[in-house]
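Results of the structural survey
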Amino acid sequence: MREVPFRRISLAPYEQVLGEDRIARLRAGIGRTGRLLGERTVWNVNSTAAGGGVAELLHTLGPLARAAGLNVRWLVVDGDPEYYAIAKRLVSRLYGIPGDGGPLGPEELRHYRRAIDANAARLTAHVRPGDVVIVHDAQPAGLIEAARDLGASVVWRCHIGSDTPNPHTEDGGAFVGPFVAHADATVFSTPAHVPGWAPRPRIIAPSIDPCGPKNMALTGEQVLAVLGATGIIDGGRRPPVTVPVPIGPDVQVRRPALVLRDGPPPPAGTPMVVQVSRWDRLKDMGGVMRAFVASGVDGHLTLAGADVGGVADDPEAAELYEQCRRAWQDLPPEHRRRCQLVCLPMDDLRENAVVVNALQRHAAVVVQKSLAEGFGLTATEAMWKSRPLLAAAVGGLRDQVQDGRTGLLLTDSADLDGAAEGIRRLSTDEALAGRLGAAAREWVHERYLPDRQLLDWAELIQSVAA
Ligand code: UDP
């Protein structure tokens, strides 16, 4: 187990985006909770410091919560490869799919407990009586009881779930439910994902950071320079490209992306359909590729994900990338030339974030064709950038996108013809794309910026810590 330090930031740039009133409400709400807690700490515990939505949320919310007056810190559990494989299997089951298909029986439970016990021993060096511990997802859920034994109040924050309970979710619930039963409260992104075994459930939707490198404004010129420097599009500018960020130091974009492509990079003017996701079965990158080809639209498809191996708690990424690579290889040459697979280096997370930002801004159409999703941060990130979005109607995406108003929803996430049709509509109907993109930006401004999320959390922390 190790601590991930939060960088110090100021609230001033947020005032530009949120306005004085929202910042005043944020300061007041967080201030009240801060006074109640006094010297006590709010700990977050998860299983990776980089890659995926939970790490993204903690990197953005943590510094902001501290700037607003809350003593928040972050711990990451560790374990051997077998623990990560079992944990990933558990997460897949809670999403309602078999994952690698392996068992979650007494043997796996024993191994999971051993890894958790090693982390629990380290927890004693950090957690004090009266602290609040927020345990994220299933990987570290075994720690809930240990944190309670140290005198902390504990919240289980579940970011995952399945819209339709099935034998896989029951399997996952049977494994993790007894650990979660020790929590004082549980939090989910969407009501559809609250299982019967979760004690005192609440709904808090995530948010995105409008001032960080992933979602800050970029000029058109910066977008082209960043994508050109990384080799994702054809570009004249050589790396490094320096980009100022409202919070923190400038970011230098200097690492080329690992691009699998047949032929030269697409010129800057080529319309691009984009999906940014981890290499994970639930993101259905292969399905996006098939739908793009079937759509018959001009332009280029970019499927971008973190460098495989860059996400510590995701042992399946390499295999899923390989599956996608084979599907790309099997495309007829005229289509293969219009599709690229991009792995983004994770050595510097702020650099990685600027590249994701530029890619989302450059997209003519953004797709999020997930087969299951707790809350799809990538969708909200694209909406904030006024992009026309086609998202599968699964999990939290159904709350995030209003079909025909702030994006298009694909009713059946497995429906390739429907996905192709959605891509075609957004690519060819400029008025529709513009209208959806503008409404999407407004909707995110209203609902999915961090002040709202932090105030929801402040209220919950007060109620469990009282
Ligand atoms: N992401 C990233 N770099 C990458 C690929 C993904 O920073 O190379 C980010 C993405 O922008 C988003 C998060 O990882 O903020 C993924 O969160 P989401 O909720 O969409 O899915 P999850 O990975 O949690 O299932």
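Residues numbered from 1 in each chain as written. Predicted model: local features only at pLDDT ≥ 70, side-chain atom pairs only at ≥ 80, totals over all residues.

1. Here's the deal with the overall build of the protein
Along its length, the protein carries 16 helices and 16 strands. A compact globule built from 466 residues would reach a C-alpha radius of gyration of about 23 Å, and the protein, at 21 Å, matches this within 12%. The dimensions of the protein, computed from C-alpha atoms along their principal axes, are 60 × 50 × 40 Å. Split into buried and exposed, the 466 residues of the protein put 54% on the buried side. A fraction of 71% describes how many contacts in the protein between residues 6 or more apart in sequence connect residues 24 or more apart. (Helix = DSSP H or I, 4+ residues; strand = E, 2+ residues; numbered from the N terminus. Rg over C-alpha atoms; globule rule 2.2 N^0.38 Å. Buried ≥ 20, exposed ≤ 12 C-beta atoms within 10 Å, placed from the backbone. Contact = placed C-beta atoms within 7 Å.)

2. Focus: the site of the ligand
Contacts to the ligand come from 17 residues, most closely from Gly 52, Gly 53, Glu 56, Ala 306 and Leu 377. Elements that contribute at least two residues to the shell around the ligand include exactly helix H2 (53-68), strand S12 (300-306), helix H11 (349-362) and helix H12 (377-384). Looking at the shell around the ligand residue by residue, the class counts come to seven nonpolar, six polar and four charged. (Near = placed C-beta within 6 Å. Nonpolar A, V, L, I, M, F, W, Y, C, P; charged D, E, K, R; others polar.)

3. Here's the deal with the confidence of the model for the protein
Confidence in the prediction of the protein, expressed as mean pLDDT, is 96, and 100% of residues score 70 or more. Confidence metrics for the complex model read pTM 0.96 and ipTM 0.98. (pLDDT = per-residue confidence, 0-100.)

4. Comments concerning the nonpolar core
By size, the foremost hydrophobic cluster in this structure holds 150 residues, and its most contacted members are Val 133, Ile 144, Val 226, Val 273, Leu 359, Leu 390 and Ile 423. A total of eight residues in this core trace back to one element, the largest contributor, which is H2. Setting aside its immediate chain neighbours within four residues, Leu 390 contacts Val 365, Val 367, Gly 407, Leu 408, Leu 410, Ala 419, Gly 422, Ile 423 and Leu 426. (Core = buried A, V, L, I, M, F, W, Y, C linked by C-beta atoms within 7 Å.)

5. Describing the pairing of S12
Of all seven residues making up S12, seven are buried, and the element is well covered by its neighbours. The pairing of strand S11 (residues 272-276) with S12 spans five bridges and is classified as parallel. The residue of S12 that forms the bridge with Met 272 is His 300. Read from S11 through helix H8 (residues 285-295) to S12, the crossover connection turns out right-handed. Bridging between S12 and strand S13 (residues 339-344) involves six bridges; their strand directions are parallel. Bridge pairing in S13 places Ala 304 opposite Val 342. (Pairing = 2+ DSSP bridges. Right-handed = clockwise from strand over helix to strand, strands pointing away.)

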